[in-house]
Amino acid sequence: MANTIVIFGASGDLTSRKLIPALYRLFQKKRLPEGSQIVGVSRSHFEHDQWRDALKTSVKKFAADCFNENTWKEFASQIYYHAGDITNTEDFISLSRFLDSTEPENNSGRLYYLSTMPQLYEKAIQQLGAAGLNDDANGFRRVVIEKPFGTDLKSAQALNQSIHSVFREDQIYRIDHYLGKETVQNIFALRFANSIFEPIWNRNFVDHVQITVAEEVVVGRRAGYYDSAGIMRDMFQNHLLQLMMITAMEPPSRYDAAMVRDEKVKVLHSIRHMTGGDFASDTVRGQYKGYLEEDDVPAGSETETYAVLKLYCDNWRWNNVPFYLRSGKGMSCRTTQIVIQFKNVPHILFGEKTREPLGNRLVMQVQPAEGIQLHFETKVPDSEMKTRTSTLDFSFSNTPGGKSMPDSYQRLLLDALTGDASLFARSDEVELAWGIVDPILAAWRSPAAPPLYRYETGLWGPPESSEWMYKQNREWFDVCPVLS
Ligand code: BG6
């Protein structure tokens, strides 16, 4: 079956930086389903060739390593542009006619990609419905929605309701680009394609879990959006909780969208909601020094650019095992890593002659040094019984095909085209995630909010965060990955 990818917000940054380069790479690898065409929609007026030329410039920049004039020509011949305003019903009717004119009769699937401002999602969906563009009698009709999906539980519920009045849940693909990362999918492989990890992946062996998404960059020109979102909406409600779900979930019976998402949702159901004093004892808030001087940041803003949550899953597997979720901008380096910290040995055999072993640790490096390290104790050679920590180190870059990891959008676009929703967020998932985050945000905006620590950029967030960990007899794994 032929198919059309209709991109709303065609003149935006995401389209030129991510979507078109990803589609071009898929085309080059011959993985884009045959007969696929792309139609860009936005308010500006372009001729087809003008838009193709603009895209060529961005593909040359963002897919520089694989750009080739011949394949570009072939790819570009399947790209079209149709000017249209999301608020104008007539424009959807003319879009519908245009699509009919470019597609083989009665035989084309359509993927509507909403890469617009989030305030327009609802309008766009309603217009698609009003123009009959949701009718899937002659081919699939799917809609891809970028984050943010709402700004709190109430708005996410309203958005879900509005979308469900036009599209069925199985037609809706809510993007969280973290799920498109190869190394995030590798967590499934590590956990469920091996028999050695699963037996120890529980409260009997694991002391705690650390999930860190550290970014070296600061807010920069995005402050207009960022100041009202803050790190909790920008990173925790989606990316951090997604990483936690995949780390904590039970094995599904089959690797399919319904079963994978059922298991993930069970994790969200099991997360203990914070109440009373928990907001002060189990969270840390920070803001980097200099944030208030960024353009568009209102004077005296208390928006967090760093946060830590200590969460618990109230279930058999994870009873009383803390999950520390941490993210920050202006950190020491860019690294996303999940650390499974195992319990210490029950009895220290080597007495005072050696330091106390730290316990074994499994580090899943999600980015940028994609890999896995297992830390364990070995004897220091030619010593008395002294031990030190050694590392078994797996790096994707040393494996065939592992040098250049595909960008998340390649995987996610392909899955949406082929109808695999495993790596997309379901409506209940998004709402439950807001249900966890909302009370924390409310507590942080209340007079009883815990202190907002200011921190220097280029370090690991506020020193108070490290002290908070020490008080729990634990330590952050503050290690920048070595890039090979
Ligand atoms: C986005 C956030 O969702 O993820 C950004 O809005 C953040 O603030 C980005 O920088 C991080 O994504 P990645 O893939 O670079 O880790």
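Keep in mind it's a predicted model, so treat the numbers as computed, not measured.

The next point concerns the environment of Ser390. As for its position among the elements, Ser390 is in strand β14 (residues 387–395). When its relative accessible area of 18% is taken as the criterion, Ser390 is described as buried. Separated by 266 residues in the primary sequence, Ser390 and Ala124 have C-alpha atoms spaced 55 Å apart. Among the polar contacts listed, one links the side chain of Ser390 to the side chain of Thr378, at a separation of 2.6 Å.

Right, let's get into helix α1 (residues 13–28). The first and last C-alpha atoms of α1 sit 22 Å apart over 16 residues, in line with the 22 Å expected at 1.5 Å per residue. Among the 16 residues that make up α1, 12 are buried, leaving the element largely enclosed by the rest of the structure. For α1, the full list of buried residues reads Leu14, Thr15, Ser16, Leu19, Ile20, Pro21, Ala22, Leu23, Tyr24, Arg25, Leu26 and Phe27. Looking at the buried side of α1, the elements it contacts are β1 (2–8), β2 (36–42), α2 (48–62), α3 (69–76), β4 (108–114) and α11 (408–418). Two residues or fewer after α1 comes Lys30, characterised by a positive phi angle close to 60°.

Here, UniProt's "binding site: NADP(+)" (unreviewed entry) annotation points to Arg43, Asp85, Ile86 and Lys147. Sequence-distant contacts of Asp85, defined by excluding residues within four places in its chain, comprise Arg43, Asp91 and Phe92. Among the polar contacts made by the side chain of Asp85, one reaches the side chain of Thr87 at a distance of 2.9 Å. With respect to the helices, strands and loops of the structure, Ile86 is situated in the loop between β3 (79–83) and α4 (89–102). Residues in contact with Ile86, not counting those within four places in the same chain, are Phe8, Phe92, Thr116, Leu120, Lys123, Ala124 and Gln127.

Here Ser108 shows up in strand β4. Within polar-contact distance, the side chain of Ser108 engages the backbone oxygen of Ala2 at 3.4 Å. Ignoring anything within four residues of it in the chain, the contact list for Ser108 reads Met1, Ala2, Asn3, Thr4, Glu103, Asn138, Gly139, Phe140 and Arg141.

As a further point, take the packing of aromatic side chains. To describe a pair of aromatic rings, you give the distance between the ring centres and the angle between the ring planes. Inspection of the entire model under this criterion finds 23 aromatic pairs. With 5.7 Å between their ring centres and 85° between their planes, Tyr288 and Tyr291 make a pair best called edge-to-face. Its relative accessible area of 2% is what places Tyr288 among the buried residues. Residue Tyr291 is classed as buried on the basis of its relative accessible area of 0%. Where Phe394 meets Phe396, the ring centres are 4.9 Å apart and the plane angle is 70°; that geometry is what we call edge-to-face. For Phe394, a relative accessible area of 31% gives the class partly exposed. Through successive ring pairs, a cluster of aromatic residues spans Tyr225, Tyr226, Tyr288, Tyr291, Tyr306 and Tyr455. Here Arg174 stacks its cationic end above the ring of Phe149, 5.0 Å away from the centre of that ring. The ring of Trp476 has Arg326 lying over it, and the distance from NZ or CZ to the ring centre is 4.1 Å.

Another aspect to go through is the environment of His208. Relative to the assigned elements, His208 resides in strand β7 (residues 206–214). Along the primary structure His208 and Val321 are separated by 113 residues, whereas in three dimensions their C-alpha atoms are 5.3 Å apart. At 2.7 Å, the side chain of His208 forms a polar contact with the side chain of Asp207. One polar contact links His208 to Gln210, side chain to side chain, over a distance of 3.1 Å.

Our focus in this paragraph is the site of the ligand. Close to the ligand lie Lys147, His177, Tyr178, Lys181, Glu215, Arg222, Asp234, Met235, His239, Lys329, Arg334 and Gln367. In this structure, an oxygen atom belonging to the ligand sits 2.8 Å away from a side-chain N or O atom of Lys329. Here the ligand loses 81% of its free accessible area of 400 Å² to cover by the protein chains. Sort the elements by how many residues they give to the shell around the ligand and helix α8 (residues 223–248) lands first, with three residues. Among the residues making up the shell around the ligand, the classes are represented as two nonpolar, three polar and seven charged.

Here we take up the state of the cysteines. Scanning the entire structure with this criterion turns up one disulfide. In this model Cys333 forms its disulfide with Cys480; the gap between the sulfur atoms is 2.2 Å. Across the disulfide from Cys333 to Cys480, rotation about the S-S bond amounts to roughly -100°, and the bridge is consequently left-handed. One end of the pair, Cys333, is in the loop between β10 (323–328) and β11 (335–342); the other, Cys480, is in the segment after α13 (463–471), with 147 residues separating them in the sequence. On the basis of relative accessible area, Cys333 is assigned to the buried category, the value being 9%. Residue Cys480 is classed as partly exposed on the basis of its relative accessible area of 31%.

Thresholds applied
- Throughout, a residue's number is its position along its own chain's written sequence, starting from 1.
- Confidence filtering applies because this is a predicted model: local features only for residues at pLDDT of at least 70, side-chain atom pairs given and counted only at 80 or more, and all residues used for totals across whole chains, interfaces and linings.
- Excluded from the side-chain calculation are hydrogens and water; included are all heavy atoms of the structure.
- Counting from the N terminus, the helices are DSSP H or I runs at least four residues long and the strands are E runs at least two residues long.
- Exposure categories follow from relative accessible area, calculated using a 1.4 Å probe and restricted to protein chains: below 20% of the type maximum is buried, above 50% is exposed, and the middle band is partly exposed.
- Side-chain atoms alone can form a polar contact between residues adjacent in sequence; in general such a contact is a pair of N or O atoms within 3.5 Å, and within protein one must be able to donate a hydrogen while the other accepts it.
- Residue count minus one, scaled by 1.5 Å, sets the expected span of a helix.
- In what follows, a contact means two residues having at least one pair of non-hydrogen atoms within 4.5 Å.
- UniProt positions are given in the numbering used here, feature names are shortened, and annotations may be inferred rather than shown by experiment.
- In this scheme Phe, Tyr and Trp rings, the latter by its six-membered ring, pair at centre separations within 6.5 Å, and the angle between planes marks the pair as stacked below 30 degrees, edge-to-face above 60, and tilted otherwise.
- Both a distance and an angle decide whether a charge sits over a ring: NZ of Lys or CZ of Arg must be within 6 Å of the ring centre and within 35 degrees of the ring normal.
- Only heavy atoms are used to decide nearness, and a residue is near a molecule or strand if one of them lies within 4 Å of it.
- In these tables, accessible area is a Shrake-Rupley quantity obtained with a 1.4 Å probe, and a residue counts as shielded only by the protein chains included in the view.
- Gly is put with the polar residues, along with every residue not named as nonpolar or charged; the nonpolar set is Ala, Val, Leu, Ile, Met, Phe, Trp, Tyr, Cys and Pro, and the charged set is Asp, Glu, Lys and Arg.
- In this description, the term disulfide denotes a pair of cysteine sulfurs within 2.5 Å.

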